[in-house]
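Overview (structure and organization)
As a plain string of letters, each chain reads:
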Amino acid sequence: MADLFEVTDLHLSLPDMTAKPLIGAAPRIEILKGLSFTLPEGKVTGIVGESGSGKSTLGRALVRLLEPTGGSIRFAGQDITHLPEPALAPLRRDLQMIFQDPMSSLNPRHTVGRIVAMPMKRFGRGGSRAEVAAALERVGLPAGFAARYPHELSGGQRQRVGIARAIALSPRFILADEIVSGLDVSSQAQVLTLLERLAAEMGLTIAFISHDLSVIRRLCAQVIVLQHGRIVEAGPCERLFDAPRSDYTRALIDAIPLPEIDPGWLGREVVQT
Amino acid sequence: MTACLEILGLDAAIRRGPRLLRNVSLSVAPGEVRALVGESGAGKSMIGKAVLGVLPRGIEVTSGDILLEGQNLGALSPGLRRRTVGAAAALIPQDPLTALNPSRRIGPQITDKLVHLLGWIRARADARARELLDEVRIRAPERVMASYPHELSGGMRQRVLIAAAFASEPRLIVADEPTTALDVTVQKQILRLIAELQARHNTAVLFVTHDLGVVAKVSQSVSVLFAGKVVEAGPTEALFRAPAHPYTRALMAATPRYTDPFASLQPVPEAVLAGLRAEVAAEDAAREARNG
Amino acid sequence: MSADTRAQRRRAGVRLWLPGLWLGLLCLAALAAPWIAPHDPLAQDLMLERLPPAWVGGAEPGYWLGTDSLGRDVLSRIVWGARIALVVALIAASAACLLGSALGLVAGYFGGWPDRVVSRLVDVWMAFPPVLFAILLVAVLGAGLHSVILAIAIIDWTRFARVIRAEAMVQARMDYVHSARIGGAGRIGTLLTEVLPNVLPSVIALLALEMGVAVIVEAILSFVNLSISTDDPTWGSMIAEGRASIHFAWWVLVFPLVALFLTVLSFSQFGEGLKDRFDPVLR
């Protein structure tokens, strides 16, 4: 299968506003320090790492909300590393994103119907009342939800709206950035099984960013492990869990508290990294 | 052995509003960790706040008793209650960033309670703080005590808060989701630290969490909550071996497990939720009947 | 939570209808001044000078709030003065609001050099004491209502620019702004559909507040004789005149002051009430 994304030696640095001197430019912090990988089409790839690993920055570079400072990102054969906004516009439909916090990614002043319909209209993918209802139905929400405001929904329902908005455009790529980290276990399970089903049905290519490896295991075909802006390990999901090659990956896996009795678990030292 | 904390038929509600805790009873013995587990809105944090007397404004305890070391807190005057709770209990909060005052150095924030509530002299309190920071494996206690919260990492801040909680030698610690904001590797270190200190000082711990994985690793007993009602309680080992309540089983099936990815992450069945709602309604009806 | 929201909504209700009542009354008075004012506001009658209000001994029937030192009816002058106050409030505040909000939005949302230019401009502007600045401007532009309006707009746009810039900056970092870009919206489109609706409540609250400020500034300028001709009934000139006779004819000073106070208070409370009403989370 062909690769949808080809990322080579990706660098990205952001200005550090806290260290900005009174006069002159702020010093830049290097967040991504040379990443190379590919995302195969039609597969779910997990991107995992702890806080400060740069996983969210990487995600935002993939959908070009951020512009890389070095290296290249090729999407479907086209170099999008430094494409300016107007040239990106036609590609936007294919580069969709589901956000971590559905409360802040859904404008509180718009109805659910409007939130889902607006991108559809912009890209000429419909957006009529019936089409919005169909999109909501696909994520398991009744059509009547179109008239509601985001704050009237539960966390799980909001995240479904976020998914509906993304898939309504039939994009080639979806970035899912920590989409279940704010949810209860029961809604987390619902949202993940929904995404899993949609990915299988529509053959979606998804980059699934998470700090939680146990969620990755269910959903992803391959995994990329990040630490401090570098790739520590990458490979097929099963291999990575069964025989992690890096100590960091092993530490990440071992630190997950499984919901089963294991008296020795707390005593086992976490590998310091 | 008498319980360190005993809660009997505790009810709390929004003033003239809905019920938030429904007839909650539980006890924690010295040296025991009891987990309170449930989803958001289950009232698990509310119980800890009721014990410490820090319920948000507009929420009040409507009936039931809280006994701390055999003393009924409801029978005390507010001032005496505050001193009693302050001397016997402490809190490890969820968010280490908002729990520390950003404009004060770490040292005084640990010793405040010792000096002001327990009347220790400054030098003794400082010595105690250094000792505790050493116990939570902070390598340079002096330097940390002189720094400001933003100069420490999230894990370090949580260690400071653990040190602060244990500093007054409390009999009971309420740990309110103490690792939710942390990375997994840091979480494990912090859990281990709490377990170590708790065992060494024979402290009773009320451990509030949403994560059944954490429950399995740190607690000896557990109460499962839904809508402010304890739906199942018992020794942790027994509960994981043979969960009795359908909701407990559903929560376990919903919790992700990398060792068994396809048996986990099961959504909670609608029938289970319907059953829970019926149970809650029955409890509300029973209270109506009791109150006439 | 729900109890809090309910209490807040009730407060918002009182904040809306009480000031709304006063402002409505004022608008009515301004529009219908020629018909409802009992007397000609300019008509002098030295026979009737310094008549006390109707409920005080020695009053003349028909002069409800008394007369000033030239025998002009205080009530009629307040009613006609409302006209000038409201015209200034509406036009000057709207102009300041449009200019300031637009600059604030652009600065906050786009950041970079537009932000630097606007922020510096605001800093420089705010270095001048506003009342002195206004007096200076009117002195240069020439006294008169149009100069007063222009001066207020020129001075007070910074108030909008500062607040709206800060709010737009917060909005620009929200995920729904990113998701609009992901959803194919252009920069300007995102600004209008995502950012603007979220800062609008603040704009409206500020606008109402600014109307109050404009009324005060107009009063100050008439007080120092820099607004329209001294004869014309403005609250500020009435207060200036009333000051001279405070010891023997307090009503000449007090009634326009009360009108001014109530109007300014109403505008600010009305703004707060509107802000709460516009918030869908509270609605």
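**Concerning the overall build of chain B**
Assigned secondary structure in chain B consists of 12 helices and 10 strands. On C-alpha atoms alone, chain B measures out to a radius of gyration of 20 Å, which is about the 19 Å that the 2.2 N^0.38 rule sets for 292 residues. Expressed as lengths along the three principal axes of its C-alpha atoms, the size of chain B is roughly 60 × 50 × 35 Å. Split into buried and exposed, the 292 residues of chain B put 44% on the buried side. Counting contacts in chain B only where the partners sit at least 6 residues apart, residues at least 24 apart contribute 66% of the total.

**Focus: the overall build of chain C**
Regarding its fold elements, chain C presents 10 helices and 0 strands. For chain C, the sequential pattern of α-helices and β-strands runs α-α-α-α-α-α-α-α-α-α. Projected onto its principal axes, the C-alpha coordinates of chain C cover approximately 75 × 50 × 30 Å. When each of the 283 residues of chain C is scored for burial, the buried share is 48%. A separation of at least 24 residues holds for 72% of the contacts in chain C among residues at least 6 apart in sequence.

**Re the interface of chain C and chain A**
Tallying the contact residues gives 15 residues for chain C and 23 residues for chain A. For the side of chain C that touches chain A, the secondary structure elements donating two or more residues are helix H7 (175–182) and helix H8 (187–223) of chain C. Residue contributions to the side of chain C that touches chain A peak at 6 residues, all from H7(C). Broken down by class, the residue content of the side of chain C that touches chain A amounts to 7 nonpolar, 5 polar and 3 charged.

**Here we look at the interface of chain B and chain A**
With 33 residues of chain B in contact, the opposing surface of chain A contributes 30 residues. Of all elements in the fold, only helix H8 (184–201), helix H9 (212–218), helix H10 (236–241) and helix H11 (246–254) of chain B reach the threshold of two or more residues within the side of chain B that touches chain A. No other element matches the 8 residues that H8(B) contributes to the side of chain B that touches chain A. Taken together, the residues of the side of chain B that touches chain A sort by class into 16 nonpolar, 9 polar and 8 charged.

**What about the confidence of the model for chain C?**
For chain C, per-residue confidence averages 84 on the pLDDT scale, and 93% of positions sit at 70 or higher. Scored by ipTM, the complex comes to 0.86, with pTM at 0.80.

**Comments concerning the pairing of strand S8 (residues 205–210) of chain A**
Residues and elements named next belong to chain A. Burial analysis of S8 places 6 of its 6 residues in the buried class, the great majority of the element. Neither face of S8 is exposed, since Thr-205, Ala-207 and Ile-209 on one face and Ile-206, Phe-208 and Ser-210 on the opposite face are all buried. Of the strand pairs in this sheet, strand S3 (residues 44–48) and S8 are connected by 5 bridges, and their pairing is parallel. By the bridge assignment, Thr-45 is partnered in S8 with Ala-207. Strand direction decides the pairing type here: strand S7 (residues 173–177) and S8, joined by 5 bridges, are parallel. Counted as the bridge partner of Ala-176 is Phe-208 from S8. As for the winding sense of the linkage, the β-α-β connection from S7 through helix H7 (residues 185–202) to S8 is right-handed.

The rules behind each value
Residues numbered from 1 in each chain as written. Chains lettered and ligands numbered in written order. Predicted model: local features only at pLDDT ≥ 70, side-chain atom pairs only at ≥ 80, totals over all residues. Helix = DSSP H or I, 4+ residues; strand = E, 2+ residues; numbered from the N terminus. Rg over C-alpha atoms; globule rule 2.2 N^0.38 Å. Buried ≥ 20, exposed ≤ 12 C-beta atoms within 10 Å, placed from the backbone. Contact = placed C-beta atoms within 7 Å. Nonpolar A, V, L, I, M, F, W, Y, C, P; charged D, E, K, R; others polar. pLDDT = per-residue confidence, 0-100. Pairing = 2+ DSSP bridges. Right-handed = clockwise from strand over helix to strand, strands pointing away.

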